[in-house]
Amino acid sequence: MRHFGHIPSAARAGLFHREPAVFTADSPARTLAVALGATLYSPATRPRLADDVRKQAARGVVSMVLCLEDSISDGDVAAGEVNLVRQFADLAAGTVTDADTATDVPLLFIRVREPHQITDLVDRLGDTVRLLAGFVLPKFTENRGRAFLEALTQAERNCGRRLFAMPVLESPELLHLETRAETLAGIASITDKYRDRVLALRLGVTDFCSAYGLRRSPDMTAYDVKIVANVIADVVNVLGRSDGTGFTVTGPVWEYFRPGERMFKPQLRRSPFLEGRAEDLRTALIQHDLDGLLREIELDRANGLLGKTCIHPTHVVPVHALSVVSHEEWSDAQDILRPEQGGGGVLRSAYTNKMNEVKPHRAWAERTLLRAEVFGVANEDVGFVDLLTAGLAG
């Protein structure tokens, strides 16, 4: 797998100063956590799920969650499990197994409801479990999460391969102010105990809003809903630290993908969209309410989140285009991490427009270069619109 691997190699060479690296399901966890990108959710009951997975992989999706939880009704769970086993067999039948050949299957995770489903599904999948990257664990707290993680450990023993967990932080105990600190401390404790198995933490912002009867409009980001923004800040504060104790925390889902009435003027700036087909692209983004998504992606990164939960394929390319490291970011990160700068100090950036302070900016630089490895570094004259256009055309 590689980001932007679905576009022709010649076009990719024109976009990137350093192209995205190839990675596999066996790559280090630190790499995979960053490489998740836009994680596309799909109900596990879809009758042609294997075909859907292949189609989305061909469009640039590198991680998917096949959901047995909130996306399907209670009465469809058993049928969803049966369908997953059948669809994994379909995928395995058409997948190249040569380690030297890129697979056509993204990183696949199953979102379960209860711990016993983890061991049960792994046993039922049989040899096709080789296509499974891990499980998404809903409504995760210390007490509830322990049973999930114990089941995951047992499933690993049963199948003899590495399986990751992606806990979803969405419980009322985390949202409510009087229980938040204790809940976060408990989550930190249990995830640290199982650190090697926890790939990333996901935020269930829809559940946060539901607890107060709220729903943000397409003109508002999660950060405009203050009660949600406060929870995100506290999660990153406790669980997203760069001192070795933290995890990758992914951005919340963007719910909108159809045109609707707009209350405010478009947030998307016009200036990057004034040449060639760019204005048409801008218009299409606004008509599909994706300008709010773009703003939220930028705010995700500014607030310490990386990657995003997605429920529609049209959201994937914008997330990936905004994840590419600009040439300026890469240049700054390289300068900060030069061996001769180990003692600290202050540098003027190569772009002569900012101060790079070596010690305070080191963690940012390390994260930036890891993102550059999996999403690439854009050429100096390549911007978001170029990446988005190429991604959509690919």
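Whatever comes next refers back to the structure up there.
Residues numbered from 1 in each chain as written. Predicted model: local features only at pLDDT ≥ 70, side-chain atom pairs only at ≥ 80, totals over all residues. Heavy atoms only, no water.

1. Things to note about the pairing of strand E3 (residues 63–67)
The line we're drawing: Burial classification: accessible surface area is computed with a 1.4 Å probe over protein chains only, and a residue below 20% of its type maximum counts as buried, one above 50% as exposed, and the rest as partly exposed. Secondary structure follows DSSP: runs of H or I at least 4 residues long count as helices, runs of E at least 2 residues long count as strands, and numbering of each begins at the N terminus. A right-handed crossover is one whose linking path, passing over the helix from the first strand to the second, runs clockwise when the strands point away from the viewer. Following DSSP output, two strands are said to pair if at least two bridges run between them.
Of all 5 residues in E3, 5 are buried, a share of seventy percent or more. The alternating pattern of E3 places Ser 63, Val 65 and Cys 67 and Met 64 and Leu 66 on opposite faces, both of which are buried. On the question of chirality, the crossover connecting strand E2 (residues 38–43) to the parallel E3 by way of helix H3 (residues 49–58) is right-handed. Bridge analysis of E3 against strand E4 (residues 107–111) gives 5 bridges, and the strand direction is parallel. Each bridged residue has a counterpart across the sheet, and for Ser 63 the counterpart in E4 is Leu 107.

2. Some details on the pattern of salt bridges
The cut-off we apply is this: Here, a salt bridge means any side-chain nitrogen of Lys or Arg that lies within 4 Å of a carboxyl oxygen of Asp or Glu.
Overall, the coordinates contain 28 salt bridges when judged by the stated rule. Put simply, Arg 48 and Asp 51 hold a salt bridge, and the shortest N to O gap is 2.4 Å. Look at Arg 48 and you get exposed, because its relative accessible area is 55%. Close ionic contact of Lys 308 with Glu 296 constitutes a salt bridge, the shortest N to O distance being 2.8 Å.

3. Structural notes on helix H5 (residues 116–125)
Rules: Residue contacts are defined here by distance: any two heavy atoms, one from each residue, within 4.5 Å place the two residues in contact.
When we look at burial in H5, the residues that qualify are Gln 117, Ile 118, Thr 119, Leu 121, Val 122 and Leu 125. Looking at the buried positions of H5, the neighbouring elements they touch are helix H4 (77–93), E4, strand E5 (132–137) and helix H6 (142–159). Just past H5, the residue Gly 126 takes up positive phi, approximately 60 degrees.

4. Here we look at H6
Note the following rule: What a helix should span is 1.5 Å times the count of its residues minus one.
Here H6 is 18 residues long and its end C-alpha atoms lie 26 Å apart, about the 26 Å a rise of 1.5 Å per residue gives. All of the buried residues along H6 are Gly 145, Phe 148, Leu 149, Ala 151, Leu 152, Thr 153, Ala 155 and Glu 156. Buried residues along H6 sit against H5, E5, strand E6 (164–169) and helix H8 (177–193). Just downstream of H6, Gly 160 is the residue with a positive phi angle, here 70 degrees.

5. Some remarks on the side chain of Asn 356
To keep it simple, the criterion reads: Whenever two N or O atoms come within 3.5 Å, that pair is a polar contact, provided that in protein one can donate a hydrogen and the other can accept it, and provided that, for residues adjacent in sequence, both atoms are side-chain atoms.
For Asn 356, the location among the structural elements is in strand E11 (residues 355–357). Overall, Asn 356 belongs to the buried group, its relative accessible area being 3%. Among the polar contacts made by the side chain of Asn 356, one reaches the side chain of Asp 332 at a distance of 3.1 Å. Non-local contacts of Asn 356, meaning those with residues more than four positions away in its chain, are made with Asp 332, Ile 336, Gly 345, Val 346, Leu 347, Ser 349 and His 361.

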